[in-house]
Amino acid sequence: CNACKVGEFDSCRNADELGFTRNGAMAEYCAVDMRHVWSIESLEKKYGNNIFLAGSLIEPHAGVFKAITESAFRPGDNVLVIGLGPIGLAAVNVYQALGAGAILACDPSLPRQKIAEILGASTVFKPDIRFDHVIASSTKRGVSCIFEASGNAEKNWEAITKVLSTGPEKAELTFFGQSKADLTINPQPFIQKYLRFSGSHGHTKVWEQVISLFAAGRINPLLMITRQVALPDVPQYLLNLQTNKNDGKVTITDFERETNAASI
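Thresholds, definitions, all that
Residues numbered from 1 in each chain as written. Predicted model: local features only at pLDDT ≥ 70, side-chain atom pairs only at ≥ 80, totals over all residues. Heavy atoms only, no water. Helix = DSSP H or I, 4+ residues; strand = E, 2+ residues; numbered from the N terminus. Polar contact = N/O pair within 3.5 Å; in protein donor to acceptor, adjacent residues only side chain to side chain. Contact = heavy atoms within 4.5 Å. Axes fitted to C-alpha atoms, helices over the stretch in contact; angles between N-to-C directions. Left-handed = near helix turned anticlockwise from the far one by under 90°. Nonpolar A, V, L, I, M, F, W, Y, C, P; charged D, E, K, R; others polar. Expected span 1.5 Å × (residues − 1). Bend = angle between axes of the 7 residues up to and from the residue. Buried < 20%, exposed > 50% of the residue type's maximum accessible area, 1.4 Å probe, protein only. Pairing = 2+ DSSP bridges. Parallel < 35°, antiparallel > 145°, perpendicular 65-115°, else oblique. Right-handed = clockwise from strand over helix to strand, strands pointing away.

Topologically, Thr-123 is positioned in strand S3 (residues 123-125). Polar contacts involving the side chain of Thr-123 include one to the side chain of Ser-138, which spans 3.4 Å. Residues contacting Thr-123, with those up to four places away along its chain left out, are Ile-103, Leu-104, Ala-105, Val-134 and Ser-138.

Following this line, the structure appears as structure tokens:
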């Protein structure tokens, strides 16, 4: 298809994707196209024995990096990240590495807020606090970029649209989390304030840049990992993650141990 011809495989109309239309890394064996294979040898000096942990976080950072670098973001811009799961935390990392001004981060989980602060967020708050009040007390210029990573934008939609309509001109809302409900957009603020709206979900053409940022120490992904589990414990943790919203990144590090993860 035309998307594949120009290297934008994320937008392939045939949607042949590892882990979705064919077996992924949860299978016993996994065949991978050469274009999906990247060397992380450059990370060895920086991460040593933790090179696998760092490597496991390249993919989420790559998706976020593509979304941010293809948006209207410029170094020095104040930004707001909504949702601090692995994607939102990666967004804090990437904004920090790319020279953002104030980084505001919103999530109901206090442990995740703490991780965001460690990564470089200047202000963290819960979504039950008025967004515009927090922004007004934290910045003079408002936020130029909003990165939606919660997957529940419908819960904060009124607050998000208020921030956009009262904030600086040419502000942009980037959707990465997939909302569960349709959202109503009033085009008038977008017209009058030159606001932008963008969506992103993939990570083509950015892997080398992200690996370089990891290798140079501009991004330290290890700070996101809050729990390491053994392979036999994965089914239970997939269930736990549906209700446990306090972990940052849960990573498989032991492919042989058979004891329960509760002993970690």
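Okay, back to it.
Right, let's get into the packing of helix H4 (residues 58-69) against helix H10 (residues 207-216). Between H4 and H10, the least distance of the axes is 9 Å, while the angle of their chain directions is 115°. For the element pair H4 and H10, the recorded crossing hand is right-handed. Judged by residue contacts, Ile-58, Glu-59, His-61, Ala-62 and Phe-65 of H4 engage Trp-207, Gln-209, Val-210, Ile-211, Leu-213 and Phe-214 from H10. Partitioned by chemical class, the residues of the contact of H4 with H10 number 8 nonpolar, 2 polar and 1 charged.

With 14 residues, helix H8 (residues 153-166) should cover 20 Å at 1.5 Å per step; its first-to-last C-alpha distance of 18 Å lies within 8% of that length. Of all the bends found along H8, the most pronounced is centred on Ala-159 and spans about 35°. Listed in full, the buried residues belonging to H8 are Ala-153, Asn-156, Trp-157, Ile-160, Val-163 and Leu-164.

Here we come to the sheet that holds strand S5 (residues 172-175). Pairing in this open sheet of 6 strands is parallel, and the strands run S3-S2-S1-S4-S5-S6 from one edge to the other. The strands lining the two open edges of the sheet, one partner per strand, are S3 and strand S6 (196-199). Adjacent strand axes in the sheet meet at a mean angle of 15°, parallel and antiparallel pairs treated alike. Here 4 bridges tie S5 to S6, and the two strands are oriented parallel to one another. Residue pairing for S6: Phe-175 is matched across the bridge by Gly-199.

A word on the packing of helix H5 (residues 86-97) against helix H6 (residues 110-119). Direction vectors running N to C along H5 and H6 enclose 15°, while the axes themselves pass 9 Å from each other. Put simply, H5 runs roughly parallel to H6. The two elements H5 and H6 meet at a crossing, and its hand is right-handed. Within the contact between the two elements, H5 uses Leu-89, Val-92, Asn-93 and Gln-96 and H6 uses Arg-112, Ile-115, Ala-116 and Leu-119.

For the rest of this paragraph, the subject is the pairing of strand S1 (residues 79-82). A two-sided burial pattern is seen for S1, the buried positions comprising Val-79 and Val-81 on one face and Leu-80 and Ile-82 on the other. Here S1 pairs with strand S2 (residues 103-106) via 4 bridges, running parallel. Residue pairing for S2: Ile-82 is matched across the bridge by Cys-106. Following the chain from S1 across H5 to the adjacent parallel S2, one finds a crossover that is right-handed. In terms of strand pairing, S1 meets strand S4 (residues 145-148) through 4 bridges, oriented parallel. Bridging across to S4, Ile-82 finds its partner in Glu-148.

The values are spatial; any link to function lies outside them.
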